[in-house]
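As a plain string of letters, each chain reads:
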Amino acid sequence: MIVDVGEGEATVQRWLGKEKLFRNTVVTLDSEKRAYARWGADRLPTVFVMDQGDIIRHINRGHGKGYAARLTLWLNKRMADIERLQ
């Protein structure tokens, strides 16, 4: 699941359509920034990689050199963990 803060649904859907990694991903819009505040996000983007039990397994705050590669690595690891448990 992706929780998006700030963009509207159309913007998020356009972005998801370009990113193969996130196809078939559930997106929740956090327009009032409730999850953002509750989870301790202090900058955008903040990415929480969660397991199938909704336990946060990794947090990345901000972005920089190598961000896309790191995010892909973390998500692929989570997917491998899920497949191993099935």
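Just so it is clear, the structure is predicted and the values come from calculations on it, not from any experiment.

Calculation notes
Just so you know, the residues in each chain are numbered from 1, in the order the chain's sequence is written. It should be noted that, the model being predicted, local features are given only for residues of pLDDT at least 70 and side-chain atom pairs only at 80 or more, the latter also being counted only at that level, while totals for whole chains, interfaces and linings use all residues. Remark: hydrogens and water are excluded; side-chain values derive from all non-hydrogen atoms of the structure. Secondary structure elements are taken from DSSP: a helix is a run of H or I of four residues or more, a strand is a run of E of two residues or more, and numbering for both begins at the N terminus. It only takes one pair of heavy atoms within 4.5 Å for two residues to be counted as in contact. Two strands qualify as a pair provided DSSP detects at least 2 bridges between them. Pairing of aromatic side chains here covers Phe, Tyr and the six-membered ring of Trp, requires ring centres within 6.5 Å, and sorts the geometry by plane angle: under 30 degrees stacked, over 60 edge-to-face, intermediate tilted. Comment: the charge-over-ring label is applied if NZ (Lys) or CZ (Arg) is within 6 Å of the ring centre and within 35 degrees of the ring normal. Exposure categories follow from relative accessible area, calculated using a 1.4 Å probe and restricted to protein chains: below 20% of the type maximum is buried, above 50% is exposed, and the middle band is partly exposed.

Student: Please clarify how the side chain of Asn60 should be interpreted in this entry.
Tutor: If you trace the backbone, Asn60 turns up in strand E4 (residues 56-61). Apart from residues no more than four positions distant in its own chain, Asn60 is found in contact with Pro45, Thr46, Val47, Tyr67, Arg70 and Trp74.

Student: It is not clear to me how the pairing of E4 should be interpreted in this structure. Could you clarify?
Tutor: Each regular strand shows side chains that alternate between the opposite faces of the sheet. With five bridges connecting them, strand E3 (residues 46-50) and E4 associate as antiparallel partners. From the neighbouring strand, Phe48 faces E4, where its bridge partner is Ile59. Between the antiparallel neighbours E3 and E4 lie five residues, among them Asp54 with a positive phi of about 65 degrees.

Student: Explanation requested: the packing of aromatic side chains in the structure shown.
Tutor: Between two aromatic rings, the relevant description is the distance of the centres plus the angle of the planes. The full count for this structure, using the stated rule, is zero aromatic pairs. Its guanidinium or amino end placed over the ring of Tyr36, Lys33 lies 5.8 Å from that ring's centre, counting from NZ or CZ.

Student: Can you walk me through unusual backbone geometry in this structure?
Tutor: In terms of backbone geometry, most residues other than glycine have negative phi values and most peptide bonds are trans. A cis amide bond links Leu44 with the next residue in sequence, Pro45, at an omega value of -5 degrees. Even without being glycine, Lys33 reaches a positive phi, approximately 60 degrees. Summarising the element assignment, Lys33 is placed in the loop between strand E2 (27-29) and helix H2 (34-38). Here Asp54, not a glycine, exhibits a phi torsion of approximately 65 degrees, which is positive. Tracing the chain through its elements places Asp54 in the loop between E3 and E4. What makes Asp54 exposed here is its relative accessible area of 56%.

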